[in-house]
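Below are the chains, spelled out letter by letter.
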Amino acid sequence: MTDSEAPLTPLSPDLERLLATVPDPGGVESGDVVYRDGATDLEGFLATPPRASSESELRPAVLVLHDWFGVVDHVKVRAQMLARLGYVALAGDVYGQGVRPGPDGAAAEAGRWYGDVPALRARLLASLERLRAEPGVDPERIAVMGYCFGGSAALELARAGAPVAGVAAFHGGLSTGAPALPGAVSAPILVMTGSADPVVPDEAVVAFEDELRNAGAPDWQIVTYSGAMHAFAVPEVDSPEHGAQYQAVADRRSWAQMRAFFDEVLA
């Protein structure tokens, strides 16, 4: 169930400004949703656009995957931004209900999933199926996007041949323990990365391109933003000594690139 667009805790000024970059049409509903992967409870965040003029009208949808901090305010804001654009958006939960590691535990929690690709893909499919089951969602028009850890996770769905219309990754890692097999990738892919991201050096980009070529991926593109570090699209990140820093220009341009991509694949 969802309520009016106000269930978030008070947002930081940076996230308030980010949300305001997409005009509010009124009528967006949002709230936490609990669903399951086997015996594990997951808690995502669902945002839905203003009600359709007809109950039979099906709407496109986007699964939004979180960075290594879990389903926190940033990914919830992105879901609300997408709902304002007319998409049903689910900020999917990889970690499990109540698992929201802080800075001291995030790397270990994300590493657990990076190290078990089959489990990660299964958990992602649970979120995808929860979104697909939402009333009013067009099952043929679902895309996936993610930030950092979530960007890497989104690409795992593409490698697994998940039945989605498109996959967009923001500054996600490009390596994997289970490279795509020939013929496995069918969804169009958009990767947006920073030229100064130590997590995704030039050789990682080339290796990913080779992986897609070897898999026969039919439709992919990689956009690189000059001077952008890791987490360039996450406001409040400011750790250049660790190679991670928000960059407003790259954030704005990558969001516009994603919108154009979704306009095409979710038409």
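Residues numbered from 1 in each chain as written. Predicted model: local features only at pLDDT ≥ 70, side-chain atom pairs only at ≥ 80, totals over all residues. Heavy atoms only, no water.

## Details of the overall build of the protein chain
In terms of regular secondary structure, the protein chain is built from seven helices and eleven strands. The globule rule puts the C-alpha radius of gyration for 267 residues at 18 Å, and the 17 Å found for the protein chain is close to it. Over its C-alpha atoms, taken along the principal directions, the protein chain stretches across nearly 50 × 40 × 35 Å. When the 267 residues of the protein chain are sorted by exposure, 53% land in the buried category. Taking the intrachain contacts of the protein chain between residues at least 6 apart in sequence as the baseline, contacts between residues at least 24 apart amount to 70%. (Helix = DSSP H or I, 4+ residues; strand = E, 2+ residues; numbered from the N terminus. Rg over C-alpha atoms; globule rule 2.2 N^0.38 Å. Buried < 20%, exposed > 50% of the residue type's maximum accessible area, 1.4 Å probe, protein only. Contact = heavy atoms within 4.5 Å.)

## Describing the environment of T193
Structurally, T193 is set in strand β8 (residues 189-194). Considering only alpha carbons, one finds T193 and D210, 17 residues apart in sequence, at a separation of 17 Å. Among residues more than four places away in sequence, those in contact with T193 are V200, I222, V223, T224, Y225 and F232.

## Considerations on the pattern of salt bridges
Within this structure, the stated rule accounts for 17 salt bridges. Ionic pairing is found between D93 and R100, a salt bridge with its closest N-O pair at 3.4 Å. On the basis of relative accessible area, D93 is assigned to the buried category, the value being 0%. We classify R100 as partly exposed; its relative accessible area is 27%. Notably, a salt bridge pairs R213 with D210, separated by 2.8 Å at the nearest N-O pair. With R213 and D210 both in helix α6 (residues 202-215) and three residues apart, this pair spans about one turn of that helix. The class for R213 is partly exposed, based on a relative accessible area of 49%. One continuous salt-bridge network, built from bridges that share partners, spans R121, E156, R159 and E211. (Salt bridge = Lys/Arg side-chain N within 4 Å of Asp/Glu carboxyl O.)

## Side note on the confidence of the model for the protein chain
Looking at the protein chain, the pLDDT average stands at 95 and 97% of residues meet or exceed 70. Long-range and interchain partners of residues 1-6, a stretch whose pLDDT sits below 50, account for 21 contacts in this model, where long-range means more than four residues apart. (pLDDT = per-residue confidence, 0-100.)

## With respect to helix α5 (residues 149-159)
α5 sits mainly inside the fold: eleven of its eleven residues count as buried. Of the positions making up α5, those classed as buried are F149, G150, G151, S152, A153, A154, L155, E156, L157, A158 and R159. After α5 finishes, the residue G161 shows a positive phi value of roughly 75°.

## A word on unusual backbone geometry
For H171, which is not glycine, the phi torsion reads 35° and is therefore positive. On the secondary structure map, H171 appears in the loop between β7 (166-170) and β8. Even without a glycine there, the phi angle at A231 is positive, about 65°. Here A231 is to be found in the loop between β9 (220-225) and β10 (238-239). Residue class for A231 comes out buried when judged on its relative accessible area of 5%.

## Focus on the packing of aromatic side chains
One pass over the full model with this rule turns up seven aromatic pairs. Measuring from centroid to centroid gives 5.7 Å for Y95 and F149, while their planes differ by 40°, and the two rings are tilted. Here Y95 is found in the loop between β5 (88-92) and α3 (106-114), whereas its partner F149 is found in helix α5, with 54 residues between them in sequence. Exposure class is identical for Y95 and F149. Each is buried. Seen from their ring centres, Y114 and F149 are 5.3 Å apart, and the 80° between their planes marks the pair as edge-to-face. With Y114 in helix α3 and F149 in helix α5, this pair connects stretches of sequence that are 35 residues apart. A relative accessible area of 41% places Y114 in the partly exposed class. Overall, the relative accessible area of 3% leaves F149 in the buried class. The rings of Y87, F261 and F262 are connected pair by pair, giving a single aromatic cluster. (Phe/Tyr/Trp six-rings, centres within 6.5 Å; stacked < 30°, edge-to-face > 60°.)

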